[in-house]
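Analysis of the macromolecular model
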Amino acid sequence: MIELKNISKIYKSDGVETVALMDISLTIKKGEFVAVMGASGCGKTTLLNILGLIDTPTEGRIYFDGTETTSCGENERMRLRRGRVGFVFQSFNLIDDLTVAQNVELPLKYMGMKVDERRQKVIGVLKDLKISHRAGYYPHQLSGGQQQLVAIARALVSEPVVILADEPTGNIDSSMGKTIMETLSSINARIGTTIVMATHNKRDAEYAHRVLSMSDGNIIATEEFV
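Calculation notes
- By convention here, each chain's residues receive numbers from 1 onward along its written sequence.
- pLDDT decides what is reported in this predicted model: residues at 70 or higher carry local features, side-chain atom pairs at 80 or more are listed and counted, and totals for whole chains, interfaces and linings draw on all residues regardless.
- Side-chain metrics rest on all non-hydrogen atoms present in the structure, leaving aside hydrogens and water.
- A run of DSSP states H or I qualifies as a helix once it reaches four residues; a run of E qualifies as a strand once it reaches two. Both are numbered from the N-terminal end.
- An expected span of 1.5 Å times one less than the residue number is assigned to each helix.
- Each residue is placed in one exposure class: buried if its accessible area under a 1.4 Å probe, protein chains only, is under 20% of its type's maximum, exposed if it is over 50%, and partly exposed if it falls in between.
- It is the directions from the helix axis to the C-beta atoms whose arc is reported.
- Any two residues having at least one pair of non-hydrogen atoms within 4.5 Å are treated as being in contact.
- Only strands joined by at least two bridges in the DSSP assignment are considered to pair.
- For every element, the axis is a line fit to its C-alpha atoms; helices are fit only across the contacting stretch, and the angle between N-to-C directions ranges from 0 to 180 degrees.
- By the criterion applied in these results, polar contacts are pairs of N or O atoms within 3.5 Å in which, for protein atoms, one can donate a hydrogen and the other can accept it, and in which residues neighboring in sequence qualify only through two side-chain atoms.
- Any Lys or Arg side-chain nitrogen located within 4 Å of an Asp or Glu carboxyl oxygen qualifies as a salt bridge.
- Centre distance within 6.5 Å is the pairing criterion for rings of Phe, Tyr and Trp, where only the six-membered ring of Trp is used; planes under 30 degrees apart are then read as stacked, over 60 as edge-to-face, and the remainder as tilted.
- Look at NZ for Lys and CZ for Arg. If either is within 6 Å of the ring centre and within 35 degrees of the ring normal, a charge sits over the ring.

**Here's the deal with helix α6 (residues 174–191)**
An α-helix turns once per 3.6 residues; consequently, residues spaced three or four apart project the same way. Taking 1.5 Å of rise per residue, 18 residues should cover 26 Å, and α6 covers 25 Å from first to last C-alpha, within 8% of that figure. Regarding α6, the residues found buried are Gly177, Ile180, Met181, Thr183, Leu184, Ile187 and Asn188. Seen along its axis, α6 keeps its buried residues to an arc of 150 degrees; they face one direction. Turned more than 90 degrees away from the buried face of α6, the exposed residues are Ser175 and Ala189. Taken together, the buried residues of α6 touch β3 (33–37), α5 (144–156), β7 (162–166), β8 (194–199) and α7 (202–205).

**Regarding the sheet that holds strand β5 (residues 67–68)**
Taking strand neighbours across the sheet as the criterion, the four strands line up as β2-β1-β4-β5 in an open arrangement whose pairing is antiparallel. Sheet topology places β2 (16–28) and β5 at the edges, where each strand pairs with a single neighbour. Sheet analysis places strand β1 (residues 2–13) next to β2, joined by nine bridges and oriented antiparallel. Pairing of Tyr11 across the sheet is with Thr18, part of β2. Helix-sheet contacts for helix α1 (residues 44–51) involve β1, β2 and β4 (59–64), and the interaxial angle to β1 is about 125 degrees.

**Notes on the environment of Gln141**
Along the polypeptide, Gln141 turns up in the loop between α4 (115–128) and α5. Overall, Gln141 belongs to the partly exposed group, its relative accessible area being 43%. Gln141 sits 66 residues away from Tyr207 along the chain, and the two C-alpha atoms are 29 Å apart. Within the structure, Gln141 has its side chain in polar contact with the backbone nitrogen of Tyr138 (distance 2.8 Å).

**Concerning the environment of Gly52**
Structurally, Gly52 is set in the loop between α1 and β4. Using a relative accessible area of 0% as the deciding quantity, one classes Gly52 as buried. Along the backbone, Gly52 and Val162 are 110 residues apart, and their C-alpha atoms lie at a distance of 8.7 Å. Leaving out residues up to four positions away in the same chain, Gly52 has contacts with Arg81, Val85, Phe87 and Leu164.

**Thoughts on the pattern of salt bridges**
In this structure the tally under the stated criterion is eleven salt bridges. The salt bridge involving Glu167 is made with Lys44; its shortest N-O contact spans 3.8 Å. Of the two residues, Glu167 sits in the loop between β7 and α6 while Lys44 sits in helix α1, which places them 123 residues apart along the sequence. Residues Glu167 and Lys44 agree in their burial class; the two are buried. Note that Glu76 and Arg79 form a salt bridge whose closest N and O atoms lie 2.7 Å from each other. Here Arg79 and Glu76 lie together in helix α2 (residues 74–81), a separation of three residues that amounts to about one turn. Taken together, the salt bridges that share partners define one network made up of Glu74, Arg77 and Arg81.

**Some thoughts on the environment of Thr194**
Its place among the elements puts Thr194 in strand β8. Spatially, the C-alpha atoms of Thr194 and Lys127 are 21 Å apart, while their sequence positions differ by 67 residues. In this structure, Thr194 is in contact with Met1, Ile28, Lys29, Lys30, Gly31, Glu32, Val161, Val162 and Ile163, ignoring residues within four places of it in sequence. Here the side chain of Thr194 touches Gly31 through a polar contact of 2.7 Å, landing on its backbone nitrogen.

**Section: the packing of aromatic side chains**
Taken as a whole, this structure holds one aromatic pair when the rule is applied. On the basis of an interplanar angle of 10 degrees and a centroid distance of 6.1 Å, the ring pair of Phe87 and Phe89 is categorised as stacked. Overall, the relative accessible area of 19% leaves Phe87 in the buried class. The ring of Tyr137 carries the charged tip of Arg134 above its face, separated from the ring centre by 4.8 Å.

This is how it looks when you write it as structure tokens:
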């Protein structure tokens, strides 16, 4: 579904080069749940941004659902990922002055969906994640775990083919973290949504089908679970 071939990413600033990824080749299959593990600064977030067509590599090729995207401009990459890639961030990235329902609705507005249709979808996904009773609340009125559930709802509402989650339990307590991981695992199992998750937490990684261990911009080991 997503294939990287010999991907490298080098950042340059004030004459200094920083290697974020080095010669990575990787295939993410449809319906997989893949965890990318490693310490801070090892390249996990950069890898997710490359997979999600947010960032472009310095070298190598990217294939998204059969389309070679490396030479695509920003507008074309945006078109490819819109409605097909959902993002979940450690810091939630909710908009403070929008309600829960309005935050979840945003991706559908960008897609140009009609008002009645997008409201039905929002209601449906909030019910599915058992947070419909918070639809009229604002982010500051929610716990960290509840905010992350809203972020997952926002990622899920457009029915994407892949969800990219960057340290999704990093800012919440362990009990709510378990709820978040069980939610992601359920989405993967029930709907078949492909999930790629960056984490440094071994317990979170155990929910995945495959774990990629990263260090210094390289994938150094792969572990698969039956």
